Protein chains: 2
Amino acid sequence: MARPKPLSGFPEFLPAGRFVENRVLDIVRSTFELHGFAPIETRAVEPLDQLARKGEIDKEIYVVRRLHAQEGEADELGLHFDLTVPFARYVLENSGHLQFPFRRYQVQKVWRGERPQEGRYREFTQADIDIVGQGALAAHHDVEIPLVAIDVFERLHRELGVPPVTIHVNNRKLSEGFYRGLGIEDPAQVLQRVDKYDKIGPAAVTELLTGELGLTAAQAEACVALAGISATDESFVDAVRALGVTGDLLDEGLAELAALIRVARASAPGRVVVDLKIARGLDYYTGTVYETLLEGSERLGSVASGGRYDSLASDGKTTFPGVGYSFGITRILAPLIGKGQLTASRSVPSAVLVAVDAEETREASIAVAAQLRSRGIPVEVAPKPDKFGKQIRYAERRGIPFVWFGAGHDDSVKDIRSGEQSAASPDAWTPPEADLRPGIIAG
Amino acid sequence: MARPKPLSGFPEFLPAGRFVENRVLDIVRSTFELHGFAPIETRAVEPLDQLARKGEIDKEIYVVRRLHAQEGEADELGLHFDLTVPFARYVLENSGHLQFPFRRYQVQKVWRGERPQEGRYREFTQADIDIVGQGALAAHHDVEIPLVAIDVFERLHRELGVPPVTIHVNNRKLSEGFYRGLGIEDPAQVLQRVDKYDKIGPAAVTELLTGELGLTAAQAEACVALAGISATDESFVDAVRALGVTGDLLDEGLAELAALIRVARASAPGRVVVDLKIARGLDYYTGTVYETLLEGSERLGSVASGGRYDSLASDGKTTFPGVGYSFGITRILAPLIGKGQLTASRSVPSAVLVAVDAEETREASIAVAAQLRSRGIPVEVAPKPDKFGKQIRYAERRGIPFVWFGAGHDDSVKDIRSGEQSAASPDAWTPPEADLRPGIIAG
């Protein structure tokens with residue numbers, strides 16, 4: 001077999017990159033759990049008819065079939081392309097065993113048969129949180145989502161140096177109520193045009209609204225004025241009111257968004273921004289919507305998004321409304337790891353290499369390694385009884401900070417960075433806390 | 001959408017089951033790291049021609065293709081059915097960036113289009129460790145594998161009550177050398193029959209060897225006598241010698257296996273058993289082989305197995321020999337979780353429910369929750385400002401041990417198991433360590 005080439009769109013990391021990813025996933029999962037989200041995992045495949053229901057995306061589905069499927073055997077399964085469709089199915093399938101509101105998180109790979117390009121992958125990891133009610137779900141749950149997101153991103157920033165984010169929020173009720181208050185009958189069409197605001201600018205959006213949708217200049221200008229409003233506090237309410245539009249749905253949206261920004265601002269001033277041009281174009285959201293921009297990588301687009309939906313699933317009798325948010329783990333990490341901006345201090349977990357004096361005394365080194373491991377210290381034993389210098393170079397190449405010499409007869413440990421060496425007992429010696437695990441460093 | 005039915009062969013767990021699985025995976029991964037194995041993950045798909053090379057298994061492959069693939073577009077990808085084929089490809093692809101011997105672990109789902117039955121799944125999680133050399137890999141690495149396995153299974157037993165295991169080891173050089181010493185020319189044929197020893201018994205194996213392979217009665221009896229040898233120490237060497245067969249390959253196998261059992265016995269007496277009937281039938285192993293039996297579930301067969309192979313991969317110039325071992329995580333866990341033998345003390349991560357007095361004061365509860373979380377305590381805020389009794393029942397149904405009342409004005413916390421309630425400060429109060437995370441309990 002000649003050296004194989006990477007498959008485009010299927011990113012893989014060397015061990016140092018995987019250490020970074022694992023640290024990120026530990027932070028993500030433990031933060032989700034601090035907020036009371038329970039872990040689940042669903043199978044990789046769903047019935048094809050369920051996956052294909054989501055219109056727009058069906059061309060990107062990977063179909064799965066047995067290599068030796070019978071002639072005429074129908075394609076029945078596909079790889080999930082997000083974690084929402086499987087979660088909806090899981091909720092219906094298990095609703096009798098779940099307590100509602102049900103708060104779950106799910107960190108898994110998803111697959112899309114897209115043409116690979118920067119920031120787009122065919123296999124990537126998503127980390128989703130959702131809160132789902134049975135029949136109803138109170139509006140205040142929408143406020144919880146940005147609190148979790150802020151906690152995750154602040155830890156990623158503080159502990160790993162991932163750039164900080166701003167979370168942009170809007171509310172579909174607000175936009176739709178406003179458009180209806182202007183006498184517009186198809187708000188979805190307006191939302192789709194407003195969604196291009198960042199790309200094409202306000203003047204071009206105005207043109208689309210008048211040209212394509214036939215809005216009056218006054219209507220179009222009001223829509224674009226609304227889209228231009230942003231604030232990090234409740235002042236956006238006055239700005240919207242100043243446009244002179246009224247209506248119950250608008251009021252409801254304003255109240256929900258005001259409650260959200262009030263709590264978010266108290267928790268992390270400036271990190272959450274009311275941004276009334278956020279539309280999340282074609283998605284099925286019905287209230288709050290979230291997008292997240294990574295500072296310095298705004299051109300990647302939103303790296304984490306979500307919103308409120310009236311119905312995640314329904315079994316005919318009961319509807320399950322929810323609010324959710326999805327972190328694009330690969331989208332955030334693959335560029336940082338790929339360009340070496342985040343890496344690990346070593347390529348192995350081992351904090352210590354136990355040297356071997358001679359092949360006949362390997363068992364003494366194995367015994368020292370076992371003693372160190374029993375106290376939680378990651379260790380490997382040298383593969384060869386080389387000269388001391390060679391054993392040190394073996395450690396150096398992997399970034400292992402300590403080498404243990406004289407196992408079982410004249411035990412000592414050397415910090416190969418400082419060169420300092422001192423007598424040590426395998427029952428008592430412990431490396432500094434910071435050396436116990438590979439550190440994550442800016443490359 | 002009517003309530004969907006589970007897909008046979010694709011096990012999924014409720015959150016309590018997933019807590020169990022996550023604890024097991026934490027133990028597995030952290031033990032691998034204590035032994036110096038570095039984490040990697042590979043994509044779910046491999047080129048179909050690479051997957052199909054392993055003859056016997058090709059009927060079980062799931063092919064993956066885009067739903068809207070062009071007419072005539074060849075099937076090129078399949079889901080991996082183990083973690084060895086992808087790892088071999090990864091080593092070749094990245095050999096220039098890896099340090100050898102390369103010790104890696106990999107915990108991922110694999111897929112096989114098998115007919116589902118007890119202990120067989122179409123999607124399941126494997127946890128693999130391998131040590132791979134470039135050109136050569138010293139025999140002493142074979143001893144490391146059972147040490148890791150013992151550490152994993154002892155922790156699973158001690159911390160979670162998973163039944164203990166015995167690891168059965170043999171060495172192909174020993175068997176093959178012995179057969180050749182008897183004048184047998186096709187040792188692989190003999191191995192395949194000996195592999196049935198446990199199922200059909202020694203007499204039936206003798207018959208197969210004489211009837212199907214045409215061995216003499218003396219040859220067949222010697223082969224069966226060899227298969228009957230087992231020991232937890234080096235005494236097996238004398239038992240083999242007593243059969244009167246000699247040869248260099250036999251000596252090499254005896255020496256390797258003796259070294260392995262000597263070290264394993266010193267580390268965990270009785271847990272590793274030399275068992276000369278272990279053959280691992282059709283696999284490509286060339287030296288040491290491992291099988292693992294779960295006490296009380298022996299009929300499940302081996303839940304973790306592996307061995308030494310002369311060539312994991314080769315790029316024409318360089319060969320990569322290795323030794324590896326694969327834990328069948330789903331095979332071990334799905335029955336224990338499914339039958340309720342292992343479950344979690346609660347269905348949510350939350351240790352505390354912060355009650356809400358009235359919807360207007362929710363923000364005070366959110367603030368208390370944030371303070372508790374900042375000190376690592378998993379918390380959720382009550383979804384409704386219910387009467388105290390209802391809030392306690394909300395916690396009870398989920399197994400949350402503590403309810404926080406009077407957020408921000410008259411803070412107190414109640415242990416709903418004992419009924420004990422006392423004043424508490426969100427800046428200082430901490431639950432007992434054992435209540436911080438869901439416990440894993442025998443159901």
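Named according to an unreviewed UniProt entry, chain A is Histidine--tRNA ligase originating from Tessaracoccus palaemonis. Entered under Subunit (unreviewed entry) in the UniProt record, the comment concerning chain A runs "Homodimer."

A.B. asks: I keep staring at the sheet that holds strand β4 (residues 77-79) of chain B and nothing clicks. Help me out?
C.D. replies: Pairing between sheet strands relies on hydrogen bonds along the backbone, with the strands arranged either parallel or antiparallel. Across the sheet, which stays open at both edges, the six strands sit in the order β2(A)-β4(A)-β3(A)-β3(B)-β4(B)-β2(B) with antiparallel pairing between neighbours. Only two strands of the sheet have a single partner each, and these edge strands are β2 (45-47) of chain A together with β2 (45-47) of chain B. Across the sheet, the mean angle separating the axes of adjacent strands is 40° when strand polarity is ignored. Pairing analysis gives two bridges linking strand β3 (residues 62-66) of chain A to strand β4 (residues 77-79) of chain A, with the strands arranged antiparallel. Its bridge partner lying in β4(A), A:V64 is registered against A:L77.

A.B. asks: Could you clarify how one ought to interpret the relation of the copies chain B and chain A in this entry?
C.D. replies: Put simply, the second copy of the chain is the first one after a rotation about an axis and a shift along it. Take chain B, turn it by 180°, move it 0.0 Å along the axis, and it overlays chain A with an RMSD of 0.0 Å. In symmetry terms, the pair is related by a two-fold rotation axis. Among all C-alpha atoms of chain B, that of B:V64 lies closest to the rotation axis, at 2.4 Å. Mapped onto chain A, 100% of the interface residues of chain B again fall at the interface, so both copies present the same surface.

A.B. asks: What's the story with the packing of helix α5 (residues 172-181) of chain B against helix α6 (residues 187-194) of chain B in this structure? I'm lost.
C.D. replies: The angle between the axes and the distance between the axes are what describe a pair of packed helices. Residue and element names in this part refer to chain B. One can describe the packing of α5 onto α6 by two numbers: an axis separation of 10 Å at closest approach and a directional angle of 115°. For the element pair α5 and α6, the recorded crossing hand is right-handed. On α6, the residues touching R172, S175, E176, Y179 and R180 of α5 are P187, V190, L191 and V194. Of the residues in the contact of α5 with α6, the class split is five nonpolar, one polar and three charged.

A.B. asks: Would you take a moment to explain the environment of B:P187 for this structure?
C.D. replies: Residue and element names in this part refer to chain B. For P187, the location among the structural elements is in helix α6. Classification of P187 as buried rests on a relative accessible area of 7%. Note: C-alpha distance between P187 and G177 (ten residues apart in sequence) is 8.6 Å. The residues touching P187, leaving out its near neighbours within four places in the chain, are E176, Y179 and R180.

A.B. asks: Just to check I follow, could you spell out the pattern of salt bridges for this structure?
C.D. replies: Pairing between side chains of opposite charge can happen when the charged atoms of each approach one another. In this structure the tally under the stated criterion is 56 salt bridges over all chains. Put simply, A:R308 and A:D142 hold a salt bridge, and the shortest N to O gap is 2.8 Å. With A:R308 in strand β11 (residues 304-314) and A:D142 in helix α4 (residues 141-160), this residue pair connects regions lying 166 residues apart in the sequence. Among the residues examined, A:R308 registers a relative accessible area of 9% and is labelled buried. The shortest N-O distance in the salt bridge between B:E234 and B:R262 comes to 3.5 Å. With a gap of 28 residues between them, B:E234 in the loop between β8 (230-231) and α9 (235-241) and B:R262 in helix α10 (residues 248-267) connect regions that are remote in the sequence. Taking relative accessible area as the criterion, B:E234 reaches 35% and is therefore assigned partly exposed.

A.B. asks: In this structure, what is going on with the packing of aromatic side chains? I would like to understand it.
C.D. replies: By convention here, two paired aromatic rings are described through the distance between centres and the angle between planes. All names here are of chain A. Applying the stated criterion across every chain yields a total of 27 aromatic pairs over all chains. Aromatic pair F402 and W429: ring centres 5.1 Å apart, planes at 75°, arrangement edge-to-face. Here the residue F402 occupies a position in strand β16 (residues 402-405), and W429 occupies one in the loop between β18 (421-423) and α14 (433-436), the gap between them amounting to 27 residues. Among the residues examined, F402 registers a relative accessible area of 6% and is labelled buried. A connected cluster of aromatic rings, assembled from ring pairs, spans F32, Y105, F153, Y290, Y325 and F327.

A.B. asks: For this particular structure, what's the right way to read the domain arrangement of chain A?
C.D. replies: Interfaces are frequently sized by the accessible area removed from exposure as the parts join. Residues and elements named next belong to chain A. Per the domain assignment, the segments of chain A are domain 1 (15-45 + 83-343) and domain 2 (346-442). In this structure, domain 1 and domain 2 have C-alpha centres spaced 48 Å apart. Contacts between the two partners involve nine residues from domain 1 and, on the opposite side, nine residues from domain 2. Together domain 1 and domain 2 conceal approximately 670 Å² of surface at their shared face, both sides included; 70% is due to carbon and sulfur atoms. Summed over the three residues of domain 1 that lose the most area to domain 2, namely F19, R23 and T343, the buried surface amounts to 61% of that side. Our enumeration of links across domain 1 and domain 2 arrives at zero salt bridges. At the boundary of domain 1 and domain 2, one finds one residue pair in polar contact (both at pLDDT 80 or more). Elements with a contribution of two residues or more to the side of domain 1 that touches domain 2: α1 (15-34) and β13 (342-344). Looking at the side of domain 1 that touches domain 2 element by element, the count peaks at five residues for α1. Classifying every residue of the side of domain 1 that touches domain 2 by side-chain character gives six nonpolar, two polar and one charged.

A.B. asks: So what exactly am I meant to see when it comes to the sheet that holds strand β7 (residues 165-171) of chain A here?
C.D. replies: Ordered by their spatial adjacency, nine strands build an open sheet running β1-β5-β6-β12-β11-β10-β7-β9-β8 (chain A), and the pairing between neighbours is mixed. Each edge of the open sheet carries a strand with a single partner, namely β1 (38-39) and β8 (230-231) of chain A.

A.B. asks: Would you mind showing me how to read the pairing of strand β12 (residues 319-328) of chain A here?
C.D. replies: Along a regular strand, successive side chains alternate from one face of the sheet to the other. Residues and elements named next belong to chain A. Most of β12 sits out of view: nine of its ten residues are buried. Alignment of strand β6 (residues 123-132) against β12, held across seven bridges, turns out to be antiparallel. Looking at β12, one finds that A127 is bridged to F327. Across eight bridges, the pairing between β11 and β12 is antiparallel. Note on β12: the bridge partner recorded for A313 is F320. The turn linking β11 back onto β12 is made up of four residues, and G316 within it adopts a positive phi angle of 95°.

Cut-offs applied
- Residues numbered from 1 in each chain as written.
- Chains lettered and ligands numbered in written order.
- Predicted model: local features only at pLDDT ≥ 70, side-chain atom pairs only at ≥ 80, totals over all residues.
- Heavy atoms only, no water.
- UniProt positions renumbered as here; feature names shortened; annotations may be inferred.
- Pairing = 2+ DSSP bridges.
- Helix = DSSP H or I, 4+ residues; strand = E, 2+ residues; numbered from the N terminus.
- Axes fitted to C-alpha atoms, helices over the stretch in contact; angles between N-to-C directions.
- Least-squares fit on C-alpha atoms with pLDDT ≥ 70 in both.
- Contact = heavy atoms within 4.5 Å.
- Left-handed = near helix turned anticlockwise from the far one by under 90°.
- Nonpolar A, V, L, I, M, F, W, Y, C, P; charged D, E, K, R; others polar.
- Buried < 20%, exposed > 50% of the residue type's maximum accessible area, 1.4 Å probe, protein only.
- Salt bridge = Lys/Arg side-chain N within 4 Å of Asp/Glu carboxyl O.
- Phe/Tyr/Trp six-rings, centres within 6.5 Å; stacked < 30°, edge-to-face > 60°.
- Domains from an automatic or database assignment.
- Buried area = accessible area lost by both parts, 1.4 Å probe.
- Polar contact = N/O pair within 3.5 Å; in protein donor to acceptor, adjacent residues only side chain to side chain.

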